[in-house]
Amino acid sequence: MGRFELPVVEPITKGVLLAFFSVGVATIGAAFFLGAVPPASAGLLQSLALIGAVLIPAYVVEVIWLVPRMGGGEELEEWLGFIVGAGIADLFAIAVALLGVQHRLAGHANSLDDLGLAFVVVSLVVLAGTLVAQPLLAHRFVGAEPDQG
């Protein structure tokens, strides 16, 4: 008897949601630990926003290079969704970092600082890790045949 699965979400959407879930869970964990250190300075948040902005062109170049060289299949689509989700999280991280700069310059310091810094750091690490893993991804999926469903 064949395997029956309910198609709850498309593979690309599933990958995007997985990236968001990964960033969200890791952010909560990181915020817990960041609560024990002083709030981030405006300069640190500005630097993190700049790092996030630098990662975007690298992300675009790698994805443009990678996608045409790939095969097909559900697993690849899910991974592409994860890459897209990581890129979206990075865009939000840039905005959160820049908002955090203004928050700190206004003299505010509260638990939102920890949560915001955790989100920014986790988002940047997830996108950077995804970029570093791209050669492995290319090796894994190059010439892969589309799934026969």
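Residues numbered from 1 in each chain as written. Predicted model: local features only at pLDDT ≥ 70, side-chain atom pairs only at ≥ 80, totals over all residues. Heavy atoms only, no water.

**Some points on the overall build of the chain**
In plain terms, the rule: In this description a helix means any DSSP run of H or I spanning at least four residues, a strand means any run of E spanning at least two, and both kinds are numbered starting from the N terminus. Here the term buried applies to any residue with accessible area under 20% of the maximum for its type, exposed to any over 50%, and partly exposed to those in between, with areas from a 1.4 Å probe on protein chains only.
Per the secondary structure count, the chain includes four helices and zero strands. Secondary structure elements in the chain, listed N-terminal to C-terminal, are α-α-α-α. The buried share of the chain, taken over its 149 residues, is 35%.

**With respect to the nonpolar core**
A general trend in soluble globular proteins is that nonpolar side chains are found buried together. Quick reminder of the rule: To define a nonpolar core, start from buried Ala, Val, Leu, Ile, Met, Phe, Trp, Tyr and Cys residues and group those joined through side-chain atoms within 4.5 Å. In what follows, residue pairs with any heavy atoms lying within 4.5 Å of each other are defined as contacts.
Counting 31 residues, the largest nonpolar core has Val23, Met70, Val120, Val126, Leu127 and Leu137 as the members making the most contacts within it. Secondary-structure elements contributing two or more residues to this core are α1 (11–34), α2 (42–66), α3 (74–105) and α4 (111–141). Looking at which element gives the most residues to this core, the answer is α4, with 11 residues. Apart from the residues within four sequence positions on either side, methionine 70 is in contact with Leu76, Leu137, Ala138 and Phe141.

**Here we look at the environment of valine 120**
Mapped onto the elements of the fold, valine 120 is located in helix α4. The class of valine 120 is buried, set by a relative accessible area of 1%. C-alpha of valine 120 to C-alpha of alanine 49: the two residues are 71 residues apart in sequence and 8.1 Å apart in space. When residues no more than four places from it in sequence are discounted, the contact partners of valine 120 are Leu48, Ala93, Val96 and Ala97.

**Here's the deal with the pattern of salt bridges**
Note the following rule: The working definition used for a salt bridge is a side-chain nitrogen of Lys or Arg within 4 Å of a carboxyl oxygen of Asp or Glu.
Tallied over the full model, the rule gives two salt bridges. Linking glutamate 78 and lysine 14 is a salt bridge whose minimum nitrogen-to-oxygen distance equals 3.8 Å. Of this pair, glutamate 78 sits in helix α3 while lysine 14 sits in helix α1; the two residues are 64 residues apart in sequence, bridging distant segments of the chain. Given the relative accessible area of 23%, glutamate 78 is considered partly exposed. On the accessibility criterion, lysine 14 (40% relative accessible area) is partly exposed. Across the pair arginine 104 and aspartate 113 runs a salt bridge, and its minimum N-O distance is 4.0 Å. Look at arginine 104 and you get partly exposed, because its relative accessible area is 23%. Judged by its relative accessible area of 9%, aspartate 113 falls in the buried class.

**Topic: the layout of surface pockets**
Going by this rule: Using protein atoms alone on a 1 Å grid, points that fit a 1.4 Å probe yet trap it form a cavity, whereas open point sets bounded by protein on both sides within 12 Å along at least five of seven lines form a pocket; residues with an atom within 4 Å of a point count as lining. Grid points are joined across faces, edges and corners, and a volume is the space filled by probe spheres set on the points. Residue classes follow a fixed rule: Ala, Val, Leu, Ile, Met, Phe, Trp, Tyr, Cys and Pro count as nonpolar, while Asp, Glu, Lys and Arg count as charged, and any other residue, Gly among them, counts as polar.
Of the voids in this model, the second largest pocket is the one considered here, and its volume is about 170 Å³. As for the second largest pocket, its lining consists of 13 residues, of which Val96, Gly100, Leu112, Asp113 and Gly116 are closest to the centre. Secondary structure elements with two or more residues in the lining of the second largest pocket: α3 and α4. At six residues, α3 tops the list of elements feeding residues into the lining of the second largest pocket. Of the residues contributing to the lining of the second largest pocket, the split by class is eight nonpolar, three polar and two charged.

**Focus: the environment of phenylalanine 33**
Topologically, phenylalanine 33 is positioned in helix α1. Taking C-alpha positions, phenylalanine 33 is 8.7 Å from aspartate 114, a pair spaced 81 residues apart along the chain.

**Some words on the packing of aromatic side chains**
Our working rule: Note on ring pairs: Phe, Tyr and Trp rings are taken, using the six-membered ring of Trp, and paired if centres are within 6.5 Å. Classes follow the plane angle, with under 30 degrees stacked, over 60 edge-to-face and the rest tilted.
Under the defined criterion, the tally for this structure stands at two aromatic pairs. Taken together, a centroid distance of 5.3 Å and an interplanar angle of 80 degrees make the contact between phenylalanine 32 and phenylalanine 33 edge-to-face. Grouping residues by exposure puts phenylalanine 32 and phenylalanine 33 together as exposed. Each ring, one from tryptophan 79 and one from phenylalanine 82, has its centre 5.4 Å from the other, and the planes form 15 degrees; the classification is stacked. Here tryptophan 79 and its partner phenylalanine 82 are both found in helix α3, three residues apart, which amounts to about one turn of the helix. Overall, the relative accessible area of 12% leaves phenylalanine 82 in the buried class.

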